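An overview of the molecular structure
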Amino acid sequence: MPELPEVETIARGLHKRVAGDQIDSVWIGRKPEPLKSPAAEIARTLERARIEYVQRVGKHIVLTLKSPKDSSLHQWIVHLGMTGRMLVGSADLEIAPHTHLIARLASGRELRFVDPRRFGRLEVRHDGFAGPGTEPLNISLEEFSALFHGRKAPIKGALLNQKLLHGVGNIYADESLFRAGVRPRRRAGSLTRAKLKKLHAGLQRVLKEAIAAGGSSVSDYVDAEGEEGFFQLKHRVYGRGGLPCRVCKTPITKIVVAGRGTHYCAKCQK
DNA sequence: ATACCGACCTGTCAGC
DNA sequence: TGCTGACAGGTCGGTA
């Protein structure tokens, strides 16, 4: 489901609602659960722990937990995959289909992980979590350029590679390439310094604008409060195949790059 | 090391 | 109305 702006929005919403609360007990659904850590380890780590804060790392939500025994810190890491949700609400709320984990909170509310498609993953760590790559919002132009140096993969594929930049997904890859005027199939290593500069700026700008808009709601995305984002209204190419380019009116082209639906303007992007 | 492609799942929607 | 197939915000592992 969500990319960096959506996960950022969800993490901020969760922080506001559950930081300071304590997890009293945990229910984990029947197998196969979407777990990267053993269910018993997740339950052991979550139960009785206090939620210190919630933040985003790449496309992961990281809940920092304080152990009731020795005050040590642990991380509960949630990846939402395509369709995952983290819902906070009253314990009376009906349990939605595909609910895989319920954390009962001392406040009487529940934090639930729901994921129909089960591409999401839950795990716990005890030694911190830095994510697979570099944060696109913080990266300097120099570091950014170095990531793509010598790469033969299409720039779109490189943008999606979480070991390089983490947090960029299909929507924001397409949108940032449009803003930079770069075709998705261009080899990453072939971008000129000027294009890299435009892509670096375009990516950071589109991510910041999307965060400010509460993310993009395509089909079913909602944040921790159940609110839709509205950045989808500002998409210039994503999901606009065949529609006129917002800049030059040329119909937007839709192709497949790196196995993903890819949208671009043949006139604005070279 | 790097890059591609299918697999993993369920839901939805267009077309017949 | 109902069936079928294509497609969907993501990642992973096997293969070349």
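For the structure itself, consult the block above.
Residues numbered from 1 in each chain as written. Chains lettered and ligands numbered in written order. Predicted model: local features only at pLDDT ≥ 70, side-chain atom pairs only at ≥ 80, totals over all residues. Heavy atoms only, no water.

**Quick notes on the side chain of Glu-110**
- Following the sequence through the fold, Glu-110 ends up in strand E7 (residues 109-114).
- Separated by 2.9 Å, the side chains of Glu-110 and Arg-112 make a polar contact.
- Among all residues touching Glu-110, those that are not within four sequence positions of it are Leu-87, Val-88, Gly-89, Ala-91, Ile-102, Ala-103, Arg-104 and Leu-105. (Helix = DSSP H or I, 4+ residues; strand = E, 2+ residues; numbered from the N terminus. Polar contact = N/O pair within 3.5 Å; in protein donor to acceptor, adjacent residues only side chain to side chain. Contact = heavy atoms within 4.5 Å.)

**Focus: the pattern of salt bridges**
- Overall, the coordinates contain 11 salt bridges when judged by the stated rule.
- Taking the shortest distance from any N to any O, the salt bridge between Glu-135 and Arg-56 comes out at 2.9 Å. Here the residue Glu-135 occupies a position in the loop between strand E8 (121-125) and helix H3 (141-148), and Arg-56 occupies one in strand E2 (residues 50-57), the gap between them amounting to 79 residues.
- What makes Arg-56 buried here is its relative accessible area of 12%. (Salt bridge = Lys/Arg side-chain N within 4 Å of Asp/Glu carboxyl O. Buried < 20%, exposed > 50% of the residue type's maximum accessible area, 1.4 Å probe, protein only.)

**Digging into the protein's contact with DNA strand B**
- Inspection of the region around DNA strand B gives His-98, Pro-116, Arg-117, Arg-118, Phe-119, Arg-151, Lys-152, Ala-153 and Pro-154 as its neighbouring residues.
- In the model, a base oxygen of DNA strand B is placed 2.7 Å from a nitrogen or oxygen of the Arg-117 side chain.
- Taking Lys-152, its main chain carries an N or O atom lying 3.0 Å from a phosphate oxygen of DNA strand B.
- Class assignment for the residues of the surface near DNA strand B results in 4 nonpolar, 1 polar and 4 charged. (Near = heavy atom within 4 Å. Nonpolar A, V, L, I, M, F, W, Y, C, P; charged D, E, K, R; others polar.)

**Notes on the layout of surface pockets**
- A volume near 160 Å³ is recorded for the second largest pocket.
- Contributing to the lining of the second largest pocket are Arg-44, Thr-45, Glu-47, Ala-49, Leu-65, Lys-66, Ser-67, Pro-68, Lys-69, Asp-70, His-74 and His-126.
- Taken together, the elements giving at least two residues each to the lining of the second largest pocket come down to helix H2 (39-46) and strand E3 (60-66).
- For the lining of the second largest pocket, a count of residues per class yields 3 nonpolar, 4 polar and 5 charged. (1 Å grid on protein atoms, 1.4 Å probe; cavity = no way out; pocket = protein on both sides within 12 Å on 5 of 7 lines; lining within 4 Å. Points joined across faces, edges and corners; volume = space filled by probe spheres on them.)

**Observations concerning the pairing of E7**
- With 5 of 6 residues buried, E7 lies mostly within the body of the structure.
- With 6 bridges joining them, strand E5 (residues 85-90) and E7 adopt antiparallel strand pairing. By the bridge assignment, Arg-85 is partnered in E7 with Val-114.
- Linking strand E6 (residues 99-105) to E7, which pair antiparallel, is a turn of 3 residues; within it Gly-108 sits at a positive phi near 95°. (Pairing = 2+ DSSP bridges.)

**Looking at the nonpolar core**
- Among the nonpolar cores identified, the biggest contains 31 residues, and Ile-61, Leu-63, Trp-76, Met-86 and Leu-101 are the most heavily contacted of them.
- Top contributing element to this core by residue count: helix H1 (residues 4-18), with 5 residues.
- Apart from residues no more than four positions distant in its own chain, Met-86 is found in contact with Leu-14, Ile-61, Leu-63, Trp-76, Val-78, Leu-80, Leu-111, Arg-112, Phe-113 and Ala-224.
- Within the second largest apolar cluster, 29 residues are counted, among which are Ala-173, Val-182, Leu-196 and Leu-203. (Core = buried A, V, L, I, M, F, W, Y, C linked by side-chain atoms within 4.5 Å.)

**Notes on the sheet that holds E6**
- With antiparallel pairing, the 4 strands of this open sheet are ordered in space as E1-E6-E7-E5. The strands lining the two open edges of the sheet, one partner per strand, are strand E1 (23-28) and E5. Each neighbouring strand pair of the sheet contributes to a mean axis angle of 20°, computed without reference to strand direction.
- Here E6 runs beside E7; their pairing, made up of 5 bridges, is antiparallel. Residue pairing for E7: Ala-103 is matched across the bridge by Leu-111. (Axes fitted to C-alpha atoms, helices over the stretch in contact; angles between N-to-C directions.)

**Digging into the packing of aromatic side chains**
- Counted by the stated rule, this structure contains 2 aromatic pairs.
- Relative to Phe-148, the ring of Phe-144 has its centre 5.0 Å away and its plane inclined at 80°; by these criteria the two rings are edge-to-face. Of the two residues, Phe-144 and Phe-148 both sit in helix H3, 4 residues apart, roughly one turn of that helix. You'll find Phe-144 and Phe-148 in the same group, each marked buried.
- The interplanar angle of 35° and the centroid separation of 6.1 Å between the aromatic rings of Tyr-172 and Phe-231 together place this pair among those described as tilted. On the criterion of sequence distance, the pair formed by Tyr-172 in helix H5 (residues 170-180) and Phe-231 in the loop between helix H6 (193-212) and strand E9 (253-257) is long-range, its members being 59 residues apart. Here Tyr-172 and Phe-231 have matching classes, each one buried. (Phe/Tyr/Trp six-rings, centres within 6.5 Å; stacked < 30°, edge-to-face > 60°.)

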